Amino acid sequence: MNTSQNTNQNRKHNQSQNQAEHLALVLGATGKTGRRVAARLEAAGIAVRRGSRSADPAFDWQDPATWPSALDGVTNVYLSFFPDLAVPGAPEAVAAFTAEARRAGVRRVVLLSGRGEPEAQLAEEVVARAGLEWTVVRASWFAQNFSEGAFLESVVSGEVVLPVGEVGEPFADVEDIAEVAVAALTQDGHNGQIYEVTGPRLLTFAEAVNAIAEATGREISFTSIPLEAFTAYLKEEGEAPEVIEMLAYLFTEVLDGRNAYVTDGVQRAIGRPPRDFAEYVRTAAENGAWK
């Protein structure tokens, strides 16, 4: 066996050893980003504990008594807060959790944060002061909201009605978010970094809906309505007051133009450009997302 083969075998052996020594806790493991992060970690040979109320051991943000069992033996944490870092009490909950994580021996935490949200930045500051290796991944509106989340039913029905006008949004592909998070969880060189994940261009919500219509060959309309009409409809549908309040915040303050620019976060984190919205639409359509 030549020296090069020896070196490669040793590198693979060391990598396998390092992977075997890690146990990653993925919070929000049933959500859009969490399940993708967990799948990528497992594909890389890293042991994963899925943090959710239905898991064993269970993890519940509202019940700190569940945290020690979920953190037992964990080295790295993907921290996705539920329901949102913008809700009252989120920074305090994150502070309590990261303190517990440090006591449990966790070495590294990657926080999923909001883009252009001062409330979320308070949680970022808490994580940065926790005494752990940390990375922040910021993102705002997910492209996958149109195929897996809040807007799916409207897209399928052929009519999307939202309280937003001509503001541009660089919709972030959740696959990019997951890939950046996994790099930060598993590789050195990301400590202390804040990566803003965006797509490569701005789109209005109307343009995004039109792109889906063109890709699927279906007629899908977009209508902009006043926020008051939108929240009134949600109340009639029986939506919880806190959910209505959070959506109103996202559709007004976060969509006031503050995020109408693209960033190089994906390029800096993983060395490639971000996925374009058109690529997301094509893939989702091929997978039957809107059938």
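Because the structure is a prediction, the values reported are computed rather than measured. (Residues numbered from 1 in each chain as written. Predicted model: local features only at pLDDT ≥ 70, side-chain atom pairs only at ≥ 80, totals over all residues. Heavy atoms only, no water.)

**Student:** Which parts of the structure should I look at to understand the overall build of the chain?
**Tutor:** From N to C terminus, the chain includes twelve helices and eight strands. Taking 2.2 N^0.38 as the reference for a compact globule, 291 residues should give roughly 19 Å; the C-alpha atoms of the chain span a radius of gyration of 20 Å, in line with that estimate. Dimensions of the chain along its principal axes, counting C-alpha atoms only, are 65 × 50 × 30 Å. In the chain, buried positions account for 46% of the 291 residues. For the chain, long-range pairs separated by at least 24 residues make up 77% of all intrachain contacts whose partners lie at least 6 apart in sequence. Of the roughly 13900 Å² that the chain leaves accessible, carbon and sulfur atoms contribute 48%. Counting 25 positive and 40 negative side-chain charges, the chain places the averaged centre of each group 9 Å from the other. (Helix = DSSP H or I, 4+ residues; strand = E, 2+ residues; numbered from the N terminus. Rg over C-alpha atoms; globule rule 2.2 N^0.38 Å. Buried < 20%, exposed > 50% of the residue type's maximum accessible area, 1.4 Å probe, protein only. Contact = heavy atoms within 4.5 Å. Areas by Shrake-Rupley, 256 points an atom, 1.4 Å probe, with all protein chains shown as cover. Lys, Arg positive; Asp, Glu negative; His and termini not counted. Charge placed at Lys NZ, Arg CZ, Asp CG, Glu CD.)

**Student:** It is not clear to me how the pairing of strand S1 (residues 23-27) should be interpreted in this structure. Could you clarify?
**Tutor:** On a regular strand, each side chain points to the face opposite its neighbour's, so the side chains alternate between the two faces of the sheet. Across the five residues of S1, five count as buried, placing the element largely inside the fold. The two faces of S1 match: Leu-23, Leu-25 and Leu-27 on one face and Ala-24 and Val-26 on the other face are all buried. In this structure, S1 lies alongside strand S2 (residues 47-51), joined through five bridges in parallel fashion. What sits directly across from Ala-24, in S2, is Val-48. Regarding the hand of the β-α-β motif, the stretch spanning S1, helix H2 (residues 32-43) and S2 is right-handed. Where S1 lies against strand S3 (residues 76-79), three bridges are found, and the strand directions are parallel. Paired with Leu-25 across the two strands is Val-77, which belongs to S3. (Pairing = 2+ DSSP bridges. Right-handed = clockwise from strand over helix to strand, strands pointing away.)

**Student:** Hey, could you run me through the sheet that holds S2 in this one?
**Tutor:** The strands making up a sheet associate through hydrogen bonds between their backbones, and the pairing can be parallel or antiparallel. Sheet architecture is open: six strands sit in the order S2-S1-S3-S4-S5-S7, paired in parallel fashion. The open sheet is flanked by S2 and strand S7 (193-196), the only strands paired with a single partner. Strand-to-strand twist in this sheet, taken as the mean axis angle between neighbours without regard to direction, amounts to 15°. Summarising the sheet, strand S4 (residues 108-114) and strand S5 (residues 133-139) pair through seven bridges and their orientation is parallel. Its bridge partner lying in S5, Val-110 is registered against Thr-135. Together, S3, S4, S5 and S7 form the strand contacts of helix H7 (residues 174-186), whose direction differs from that of S4 by roughly 155°. (Axes fitted to C-alpha atoms, helices over the stretch in contact; angles between N-to-C directions.)

**Student:** Would you explain the side chain of Ser-140 in this entry?
**Tutor:** Here Ser-140 shows up in the loop between S5 and helix H6 (152-157). Once residues lying within four places of it in the same chain are set aside, the contact partners of Ser-140 are Arg-115, Glu-169, Val-254 and Asn-259.

**Student:** Sorry, what's going on with unusual backbone geometry here?
**Tutor:** Leaving glycine aside, a negative phi is the common case for residues, and trans is the common case for peptide bonds. Cis geometry marks the peptide bond from Asp-56 to Pro-57, where omega comes out at 5°. By the element assignment, Pro-57 lies in the loop between S2 and helix H3 (67-71).

**Student:** So what exactly am I meant to see when it comes to helix H9 (residues 227-236) here?
**Tutor:** In an α-helix, one full turn covers 3.6 residues, which means residues spaced three or four apart are oriented alike. Residues of H9 that are buried: Phe-230, Thr-231 and Leu-234. Take H9 and look down its axis: the buried residues cluster within an arc of 90°, on one side only. Residues of H9 that are exposed and point over 90 degrees away from its buried face: Glu-228, Lys-235 and Glu-236. Where H9 ends, the next residue or the one after it, Gly-238, has phi of about 85°, a positive value. (Arc of directions from axis to C-beta.)

**Student:** Please explain the packing of aromatic side chains as it appears in this structure.
**Tutor:** How two aromatic rings sit relative to each other is given by the distance of their centres and the angle of their planes. Counted according to the given criterion, the structure contains 21 aromatic pairs. Judged by centre distance (5.1 Å) and plane angle (50°), the ring pair of Phe-146 and Phe-151 falls under tilted. Phe-146 sits in the buried class, given a relative accessible area of 0%. By relative accessible area, which is 5% here, Phe-151 ends up buried. Between Tyr-280 and Trp-290 the ring centres are 6.2 Å apart and the planes differ by 85°, which places this aromatic pair in the edge-to-face class. Here Trp-290 lies in the segment after helix H12 (277-286) and Tyr-280 lies in helix H12, a separation of ten residues in the sequence. Chaining the aromatic ring pairs together yields one cluster made of Trp-141, Phe-146, Phe-151, Phe-171, Phe-205, Phe-230, Phe-251, Phe-277, Tyr-280 and Trp-290. Lying across the ring of Tyr-261, Arg-115 places its NZ or CZ 4.3 Å from the centre. (Phe/Tyr/Trp six-rings, centres within 6.5 Å; stacked < 30°, edge-to-face > 60°. Lys NZ or Arg CZ within 6 Å of the ring centre and 35° of its normal.)

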